[in-house]
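# Observations on chain architecture
Each chain, letter by letter, is given below.
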Amino acid sequence: MWAGVANAPIINGNDFDLEALSLLKVNLALIDEADKCDETALFGLLTNLERSGGAVLLIAREPPSLWPFALPDLKSRLKAVACETLTPPEPELLAQLIIRLSAARGFKIDQASSLYLANRIPRRFEAGRAIVTCMESVSRASLKSPMALAQQALRALYKSDGYDDEPTHSDLFDF
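Values in this document were obtained by computation on a predicted structure and should not be read as measured data.

## Re the pairing of strand S3 (residues 55–59)
- Where strand S2 (residues 28–32) lies against S3, five bridges are found, and the strand directions are parallel. By the bridge assignment for S3, leucine 30 is matched with leucine 57.

Structure representation (structure tokens):
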């Protein structure tokens, strides 16, 4: 989102080397997998951005202090970089995502059913999208309650048979 708002190019760290640095003519950039950059190129980028007043968003799975770089000046600069860690979404947020994605696909799921799912799927947005896709296909063949639909989709996607309790809630297509 930041890259879109800032009109910054998105660069994959595996592709960021000295040649890519020489071609970069902007003072904003987003580098995904920044820990995989050529360290000389990354150091050059940070130096250029410091001089021009630019900005870079570095994304990686590990904090910069754990990146495998040997250049002392680069390591020093990376230690001074402000870091933020993204944690997995809480079940309540995942439940809201499930509700919104379901509505966008044309069917309704209630809060209790979405929270039921959110507490049973992996705490990742991709899992929320996957369960809604699965519910969409299951819903085409069924007019069951949202909870029954949630359980059926959960069993289909995760092959889990431990969630057979089926409380009844409002009708799936009750808008």
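So that's the structure; there's more coming.
## Digging into a nonpolar patch on the surface
- Together, Trp2, Leu57 and Ile59 give the surface a local cluster of nonpolar side chains, amounting to about 230 Å² of exposed area.
- Along the polypeptide, leucine 57 turns up in strand S3.

## Some details on the packing of helix H5 (residues 91–104) against helix H6 (residues 111–118)
- At a closest axis distance of 8 Å, the pairing of H5 and H6 adopts a crossing angle of 120°. When the axes of H5 and H6 are compared, the pair comes out oblique. Of the two possible hands of crossing, H5 and H6 adopt the one that is right-handed. Of the residues in H6, those touching H5 at Pro91, Glu92, Leu94, Ala95, Gln96, Ile98 and Ile99 are Gln111, Ser114, Leu115, Leu117 and Ala118.
- Here the contact of H5 with H6 is composed, by residue class, of eight nonpolar, three polar and one charged.

## Considerations on the packing of helix H3 (residues 39–52) against helix H4 (residues 72–79)
- Where H3 contacts H4, the two axes come as close as 10 Å, and the packing angle between them is 55°. One finds that H3 runs oblique with respect to H4. Like other packed secondary-structure pairs, H3 and H4 cross with a definite hand, here left-handed. Contacts between H3 and H4 involve Glu39, Leu42, Phe43, Leu46, Thr47 and Glu50 from the first element and Asp73, Leu74, Arg77 and Leu78 from the second.

## Here we look at a negative patch on the surface
- Residues Asp15, Asp17, Glu19 and Asp38 make up a contiguous surface patch of negative charge.
- By the secondary structure assignment, glutamate 19 is in helix H2 (residues 18–23).

## Thoughts on the nonpolar core
- Of all hydrophobic cores here, the largest spans 21 residues; its most connected members are Ile98, Leu117, Ile121, Ile131 and Met135.
- Listing elements by their share of this core, those giving two or more residues are H5, H6, helix H7 (125–140) and helix H8 (146–158).
- With six residues, H7 is the single largest residue contributor to this core.
- If you look at the next biggest cluster of nonpolar residues, it comprises 18 residues, including Leu24, Ala29, Ile31 and Leu46.

## Regarding the layout of surface pockets
- By volume, the largest pocket amounts to about 850 Å³.
- Forming the boundary of the largest pocket are 24 residues, of which Leu58, Ile59, Ala60, Glu84 and Leu86 lie nearest the centre.
- If you list the elements that add at least two residues to the lining of the largest pocket, you get helix H1 (2–6), S2 and S3.
- Ranked by residues supplied to the lining of the largest pocket, first place goes to S3 with four residues.
- Considering only residue class, the lining of the largest pocket consists of 16 nonpolar, one polar and seven charged.
- There is about 320 Å³ of room inside the second largest pocket.
- Lining the second largest pocket are Arg61, Leu86, Thr87, Pro88, Pro89, Arg123, Arg124, Phe125, Glu126 and Arg129.
- Class assignment for the residues of the lining of the second largest pocket results in four nonpolar, one polar and five charged.

Definitions and limits used
- Residues numbered from 1 in each chain as written.
- Predicted model: local features only at pLDDT ≥ 70, side-chain atom pairs only at ≥ 80, totals over all residues.
- Heavy atoms only, no water.
- Pairing = 2+ DSSP bridges.
- Helix = DSSP H or I, 4+ residues; strand = E, 2+ residues; numbered from the N terminus.
- Patch = residues over 30% accessible without salt bridge, like charges linked within 9 Å, V, L, I, M, F, W, Y side chains within 5 Å.
- Areas by Shrake-Rupley, 256 points an atom, 1.4 Å probe, with all protein chains shown as cover.
- Salt bridge = Lys/Arg side-chain N within 4 Å of Asp/Glu carboxyl O.
- Axes fitted to C-alpha atoms, helices over the stretch in contact; angles between N-to-C directions.
- Parallel < 35°, antiparallel > 145°, perpendicular 65-115°, else oblique.
- Left-handed = near helix turned anticlockwise from the far one by under 90°.
- Contact = heavy atoms within 4.5 Å.
- Nonpolar A, V, L, I, M, F, W, Y, C, P; charged D, E, K, R; others polar.
- Lys, Arg positive; Asp, Glu negative; His and termini not counted.
- Charge placed at Lys NZ, Arg CZ, Asp CG, Glu CD.
- Core = buried A, V, L, I, M, F, W, Y, C linked by side-chain atoms within 4.5 Å.
- Buried < 20%, exposed > 50% of the residue type's maximum accessible area, 1.4 Å probe, protein only.
- 1 Å grid on protein atoms, 1.4 Å probe; cavity = no way out; pocket = protein on both sides within 12 Å on 5 of 7 lines; lining within 4 Å.
- Points joined across faces, edges and corners; volume = space filled by probe spheres on them.

Note that all results are geometric; they support no functional claim without further evidence.
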